[in-house]
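# A structural walkthrough
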Amino acid sequence: MYKEMEAITADPTTASWWQKAIIYQVYPRSFQDSNGDGIGDLAGIETRLDYLVDLGVDAIWISPIFPSPMTDFGYDVTDYCDIDPMFGTLADFDRLVVSAHAKGLKIVLDFVPSHTSDRHPWFVESRSSRNNPKRDWYIWRDAKPDGSPPNNWISEFGGPSWTWDEATGQYYHNTFLSEQPALNWRNPEVQAAMLDVIRFWYARGVDGLRVDAITHIAPDVDKGDNPPNPDWQAHMSPTHSHLQVHSKNTPESYEMTRFMRKVSDEFPDRALIGETSGTLEDVMRYYGDDLDLFHLPFNFALLTAPWDAEHIAGLVETYETALPDGAWPNWVLGNHDCARIASRSGPAQAAVAAMMLLTLRGTPTLYQGDELGMESAPIAPHEVQDPWEKRVPGLGLGRDPARTPMPWDTGAQSGFSPVASWLPVHVPSGGPVSAQEQDPGSMLAFVKALIALRRSEPALVEGSYRLVTSENDVFVFERSLGCDTLYVCLNFSNEARPVDVGGMCLLSSNPERTGALLGRLKLEPNEAVILCP
Ligand code: NOJ
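Residues numbered from 1 in each chain as written. Predicted model: local features only at pLDDT ≥ 70, side-chain atom pairs only at ≥ 80, totals over all residues. Heavy atoms only, no water.

## Description of the pattern of salt bridges
Here is the rule we go by: Salt bridges are counted wherever a side-chain nitrogen of Lys or Arg sits within 4 Å of a carboxyl oxygen of Asp or Glu. Under the scheme used here, helices are H or I runs from DSSP no shorter than 4 residues and strands are E runs no shorter than 2 residues, and both carry numbers assigned from the N terminus. Note on classification: 1.4 Å probe, protein chains only; a residue is buried when its accessible area is under 20% of the maximum for its type, exposed when over 50%, partly exposed between these limits.
For the structure shown, the criterion picks out 31 salt bridges. Arg199 serves as the salt-bridge partner of Asp196, at 2.7 Å between the closest nitrogen and oxygen. Here Asp196 and its partner Arg199 are both found in helix 6 (residues 188-203), 3 residues apart, which amounts to about one turn of the helix. The closest approach of N and O atoms between Arg399 and Asp337, which form a salt bridge, is 3.3 Å. One end of the pair, Arg399, is in the loop between helix 12 (387-391) and helix 13 (433-438); the other, Asp337, is in the loop between strand 10 (330-332) and helix 10 (341-345), with 62 residues separating them in the sequence. On the basis of relative accessible area, Arg399 is assigned to the buried category, the value being 6%. Each member of the salt-bridge network shares a partner with another, and the members are Asp72, Asp337, Asp386, Arg399 and Arg403.

Have a look at this one:
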């Protein structure tokens, strides 16, 4: 049975909630259906809050729930200040906030500022005529003399990032689908309208926002073509065939983030989290010179890292070294846009991965289902929902495999819905939640014990980080606060490995390992251990 063998307690600290928190990402379509339409909803999330409390997480980030034609599953918004009927009503949302807060859970919402749906009333107006007052709310340009788009930019989902509008004879810019026209954030009216959206949700009690696609918020469309990427190969996403030098992370992207942060700071204790990517330097700049941009610019380094102890330890060092003074780190191991970690690392390594995520220095974001060891689900061609997979099939870019519903129990549709769900339900090898809750050796039991240990060991939350070794497929690091020191020992191989540290075992992924360990630790294959020397 996984259990904490000893807990060291320390004084409560003064860190902000978003520094101490474990953030849990809820993908609302796939969390819990309460109204029998095969799609998850807000009332469904509310019925599962106790599961999250029991798991031990502190905050939930809910992917978009706003009115949307769902062409990109909610990342195409038609009204920023309402709830899509598919998910419920504003009253349902208010109830969810009250219930979550009563249970000690914070709520973080997705904020999608870079683009709207093409059915958003703003865009409907904008495309109605060249003289419409909202024309400049979006990015319109003339065709080149030969009729081709203004530049060679490729959309994130393949194809040109420009869409021709026959009626008004101009192209509009779209970073993602044509149905997701890019807002023109250089227009102060757009800034004002969108910053009011932040106020709207904060006034309703939301504790933070995860800002979508910030990197694309202020493209320099008049700077011309993006240069070709010499490292691009045909199996890669078409968007990477060019270096996004003019389209991504422009100086104005940082300026717009500063505007958002200013509004965020009008409200006490809110957290602004950014979907940041690019070079490490690009990402670090999203903290701001005076730490006045994002509290947490998402750190996606682990999402694409090869599963190799030395490589990952190096990446952690590089990230830690690059952090600006006073900046708080964060780690992401999975989300709704990439393959599941248990598939990337191999299922036998799922516990190693979970321990690493939850013990590295910084705020972890845990994706729903990863606590169960869920793998990427096989999706048959006729089941494909993701527009990216539909547009660029066969490259493995599709995101459906990581978006299948939560398997709650052994009933029909695994308790997710009374009817066939929008994506097929896939149950992990360790069983659904109900089975894993009864099994003291399950992945869920391990993750719960890990979170409980993290909560009782301030060194794991606020302690310093030091690499001990990354040789021989083993990644060992130290977390230390005051006189408390812990070693996190991760065996990335499927063979036993000796490690040059010893002490008392506080937690192991191997349920057989109990009690004190006085000598040198020998890690079992795929084992993850936390030691107190
Ligand atoms: C990033 C989101 O995570 C992804 O799901 C979405 O398709 C794009 N941004 C566009 O909003």
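Next comes the rest of the description.
## A word on the sheet that holds strand 14 (residues 484-491)
Stated precisely, the cut-off is as follows: A pair of strands is considered paired only if DSSP assigns at least 2 bridges between the two.
Read from one edge of the open sheet, 6 strands run 12-13-14-19-16-17, paired in antiparallel fashion. Each edge of the sheet is formed by a strand with only one pairing partner; in this case those strands are strand 12 (464-469) and strand 17 (516-517). Here strand 12 runs beside strand 13 (residues 474-481); their pairing, made up of 5 bridges, is antiparallel. Paired with Leu467 across the two strands is Phe477, which belongs to strand 13.

## Some thoughts on the environment of Ile65
Basically, it comes down to this: Contacts: residue pairs with any heavy atoms within 4.5 Å of one another.
Assignment of secondary structure puts Ile65 in the loop between strand 2 (59-62) and helix 4 (90-102). In this structure Ile65 comes out as buried when scored by relative accessible area, which is 0%. Counting along the chain gives 26 residues from Ile65 to Ala91, while the straight-line C-alpha distance between them is 13 Å. Among residues more than four places away in sequence, those in contact with Ile65 are Pro28, Leu42, Asp82, Ile83, Asp84, Phe87, Phe93 and Leu109.

## Things to note about the sheet that holds strand 1 (residues 23-26)
Read across the open sheet, the 8 strands follow the order 9-8-7-3-2-1-11-10; overall the sheet is parallel. If you trace the sheet from one side to the other, it starts and ends with strand 9 (296-297) and strand 10, each paired once. Relative to strand 2, strand 1 runs parallel, the two sharing 4 bridges. Counterpart to Tyr24 in the pairing with strand 2 is Ile60.

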